[in-house]
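As a plain string of letters, each chain reads:
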Amino acid sequence: LAKTTQPISMDSYEGQEVNITCSHNNIATNDYITWYQQFPSQGPRFIIQGYKTKVTNEVASLFIPADRKSSTLSLPRVSLSDTAVYYCLVGENTGFQKLVFGTGTRLLVSP
Amino acid sequence: GAVVSQHPSRVICKSGTSVKIECRSLDFQATTMFWYRQFPKQSLMLMATSNEGSKATYEQGVEKDKFLINHASLTLSTLTVTSAHPEDSSFYICSARPSGEGNTGELFFGEGSRLTVL
């Protein structure tokens, strides 16, 4: 399983764009990159998933360079409710493929 | 989206007793479920992979005799913490992906179960 490295914490203000980068130098050909959000005392929640280039949904964008050794989660115009821990995970999409969590990035959004 | 439910959400027990936590996939079938443990201010740690109809696969350092996992059906996995001690107090989270064509790669997580051992 590819190991991921993220900044431990980030600070931002309401309305700003936040970009969280994740390094995964040992990503395998069949691996996808998935980001999850976790609030205290809750299970993680899926944000976005991608394999290459750029993926966008209603809450975030995911940028993946050609070498796929890193990825960047972009949160446009964050609000206080975006304060959470964000995890980058790398692995196959098969039903039995386990996912190992890294340290995650603790994002604090201030007024 | 798909829903994974855990029960109980909170449990307090005395040291030496056993506690069972249930994980159900409410609207999909899952041949594989995963159990994680999370201590305060730390990341999720994978404990084991629960396989329907067969033995669970435990991660290194996780005692299989202490953390009993049963995956008796395609929608239910249970984690039993046997002879619980205060150091077993933690937040336990299960997760699953739909089997077969319903699998989009997204891993769905339960709400978590907070165990406190006195």
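One can find the structure itself at the top, above this paragraph.
Throughout this document, residue positions are counted from 1 along each chain, in the order its sequence is written. Both sets of labels track the order of writing: A upward for chains, 1 upward for ligands. Per-residue local features are limited, in this predicted model, to residues with pLDDT of at least 70; the limit for side-chain atom pairs, both in listing and counting, is 80 or more; totals at the level of whole chains, interfaces and linings are taken over all residues. Excluding hydrogens and water, the side-chain values take into account all heavy atoms of the structure.

1. A look at the layout of surface pockets
All names here are of chain A. Filter applied, for reference: Definitions used throughout: a 1 Å grid over protein atoms alone; a cavity as a set of points that fits a 1.4 Å probe which cannot get out; a pocket as an open set with protein on both sides within 12 Å along at least five of seven lines; a lining residue as one with an atom within 4 Å of a point. Grid points are joined across faces, edges and corners, and a volume is the space filled by probe spheres set on the points. Note on residue classes: Ala, Val, Leu, Ile, Met, Phe, Trp, Tyr, Cys and Pro are nonpolar, Asp, Glu, Lys and Arg are charged, and everything else, Gly too, is polar.
When its volume is computed, the largest pocket comes out at roughly 460 Å³. A class-by-class count of the residues in the lining of the largest pocket yields 10 nonpolar, 9 polar and 3 charged. In this structure, the second largest pocket occupies an estimated 190 Å³ of space. Lining the second largest pocket are Gln37, Arg45, Phe46, Ile47, Val59, Leu75, Pro76, Arg77, Val78, Asp82 and Tyr86. Residue composition of the lining of the second largest pocket, grouped by class: 7 nonpolar, 1 polar and 3 charged.

2. Notes on the sheet that holds strand β2 (residues 18–23) of chain A
All names here are of chain A. Heads up, the rule is: Strand pairing is assigned whenever DSSP identifies at least 2 bridges connecting the two strands. Only DSSP runs of H or I covering at least 4 residues are called helices, and only runs of E covering at least 2 are called strands; the numbering of each starts at the N terminus. Structural elements are reduced to axes, namely lines fitted to C-alpha atoms, with helices fitted over the stretch in contact, and the angle between N-to-C directions of any two is expressed from 0 to 180 degrees.
If you trace the 4 strands from one edge of the open sheet to the other, you get β2-β7-β6-β5, paired in antiparallel fashion. In the strand order of this sheet, the two ends are held by β2 and β5 (53–56), each with one partner. Across the sheet, the mean angle from the axis of one strand to that of its neighbour is 15 degrees, orientation sign disregarded. Relative to strand β7 (residues 70–75), β2 runs antiparallel, the two sharing 6 bridges. Bridged to valine 18 within β7 is leucine 75.

3. Observations regarding the environment of A:Lys52
Residue and element names in this part refer to chain A. The condition is simple: The contact criterion used throughout is that any non-hydrogen atoms of two residues lie within 4.5 Å.
Examined against the element boundaries, lysine 52 turns out to sit in the loop between β4 (45–50) and β5. Taking C-alpha positions, lysine 52 is 6.8 Å from alanine 66, a pair spaced 14 residues apart along the chain. Those residues within four positions of lysine 52 in sequence are excluded, and the remaining contacts are Ile64 and Arg68.

4. Topic: the sheet that holds strand β3 (residues 32–38) of chain A
All names here are of chain A. The 5 strands lie next to each other as β1-β9-β8-β3-β4, forming an open sheet whose pairing is mixed. Every other strand in the sheet has two partners, leaving β1 (9–13) and β4 as the edge strands with one partner each. Across this sheet, the average inter-strand angle for adjacent strands is 25 degrees, counted without regard to direction. Sheet analysis places strand β8 (residues 84–91) next to strand β9 (residues 105–110), joined by 3 bridges and oriented antiparallel. In the sheet register, tyrosine 86 faces β9, and the bridge partner there is threonine 105.

5. What to know about empty space enclosed by the protein
Applying the stated criterion across every chain, the model contains 1 cavity of 30 Å³ or more. In terms of lining residues, the largest cavity is bounded by A:Tyr32, A:Thr34, A:Gln49, A:Leu89, A:Val90, A:Gly91, A:Glu92, A:Asn93, A:Leu99, B:Arg97 and B:Gly105. Elements with a contribution of two residues or more to the lining of the largest cavity: β3 and β8 of chain A. Broken down by class, the residue content of the lining of the largest cavity amounts to 4 nonpolar, 5 polar and 2 charged.

6. So, the pattern of salt bridges
Residues and elements named next belong to chain B. Worth spelling out the cut-off: A side-chain nitrogen of Lys or Arg and a carboxyl oxygen of Asp or Glu constitute a salt bridge if their distance falls within 4 Å. Here the term buried applies to any residue with accessible area under 20% of the maximum for its type, exposed to any over 50%, and partly exposed to those in between, with areas from a 1.4 Å probe on protein chains only.
A complete count under the given rule lists 3 salt bridges over all chains for this structure. Between arginine 24 and glutamate 22 there is a salt bridge; the shortest N-O distance is 3.5 Å. For arginine 24, a relative accessible area of 36% gives the class partly exposed. A relative accessible area of 23% means that glutamate 22 is categorised as partly exposed. Between lysine 66 and aspartate 88 there is a salt bridge; the shortest N-O distance is 2.8 Å. Of this pair, lysine 66 sits in the loop between β6 (57–58) and β7 (67–73) while aspartate 88 sits in the loop between β8 (76–81) and β9 (90–96), placing them 22 residues apart in sequence. In this structure lysine 66 comes out as buried when scored by relative accessible area, which is 12%.

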